[in-house]
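This is what each chain is made of:
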Amino acid sequence: MAVSLAGLFVLSAHAYGQTATSSGPHMIVVKLVETGKPVPYAFEPAMAVAQRGDTLRFVEAAGVMHNVHFTKQAPGAKLGSAATGPYLMTKGQTYDLVIDGRFTEGTYEYVCQPHEMIGMKGTLVVKSGGVGAGGK
Ligand SMILES: [Cu+2]
């Protein structure tokens, strides 16, 4: 009983300042798709908005080699090895990127390295996760 009450408290603290339907960490799915137009491959959707604690899940949906490589990070961000994700090859394969303390608020841009030249790119906007999301 005490444990579940504590859990509820954490959830409601996280939801502070959010809309009623937005509570707790989210799984945000970005598919790596074959579109045919105007660029043959794309991140779908091309823009994702996340908060600290969310997970960005990239899903291989084309069966073509893709990855996620950040070309722009928000000031103060320290993605480290997460700046370049592993190659995804097989349909349904996923790559999860947790939006944790490595990420600061701001705008991030990423590309798929094999398809950077043909414009396969995406944008990630990280917004404040509310209470306690401050880093140092
Ligand atoms: Cu690609």
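One can find the structure itself at the top, above this paragraph.
The structure reproduced in this document is the subject of the present report. (Residues numbered from 1 in each chain as written. Predicted model: local features only at pLDDT ≥ 70, side-chain atom pairs only at ≥ 80, totals over all residues. Heavy atoms only, no water.)

**Considerations on the coordination of the copper ion**
Operational definition: Atoms are scored as donors when they are N, O or S and lie within 2.8 Å of the metal, with 3.2 Å used for Na, K and Ca; no water is included, so coordination may look incomplete. In these descriptions, tetrahedral denotes four donors with every angle between 85 and 135 degrees, square planar four donors and octahedral six donors with opposite donors over 155 degrees apart and the rest between 65 and 115, and irregular any other case. Here a strand is any run of E in DSSP of at least two residues, a helix any run of H or I of at least four, and the numbering for each starts at the N terminus. We call a residue buried when its accessible area falls under 20% of the maximum for its residue type, exposed when it is over 50%, and partly exposed in between, using a 1.4 Å probe and counting protein chains only.
For the copper ion, the protein coordination sphere consists of H66 (ND1), C112 (SG), H115 (ND1) and M120 (SD), at 1.8 to 2.5 Å. Geometry at the copper ion is tetrahedral, judged from the 4 donor atoms that bind it and their angles of 100 to 122 degrees at the metal. In the primary sequence, the donor residues of the copper ion line up as H-x45-C-x2-H-x4-M. With a gap of 46 residues between them, H66 in the loop between β4 (55-60) and β5 (69-72) and C112 in the loop between β7 (106-111) and β8 (121-127) connect regions that are remote in the sequence. Look at C112 and you get buried, because its relative accessible area is 0%.

**Observations regarding the nonpolar core**
Stated formally: Residues grouped as a nonpolar core are buried Ala, Val, Leu, Ile, Met, Phe, Trp, Tyr and Cys residues, joined through side-chain atoms within 4.5 Å. Whether two residues touch is decided by their heavy atoms; if any such pair falls within 4.5 Å, the residues are in contact.
Counting 27 residues, the largest nonpolar core has F43, L56, F58, F70, F103, Y108 and L124 as its most contacted members. Counting residues per element, the ones that place at least two in this core are β1 (27-34), β2 (41-44), β3 (47-51), β4, β6 (94-98), β7 and β8. When residues in this core are grouped by element, the largest group, 3 residues, is from β1. Not counting chain neighbours up to four residues away, the residues in contact with F58 comprise V30, L32, F43, V68, L88, Q93, T94, Y95 and Y110.

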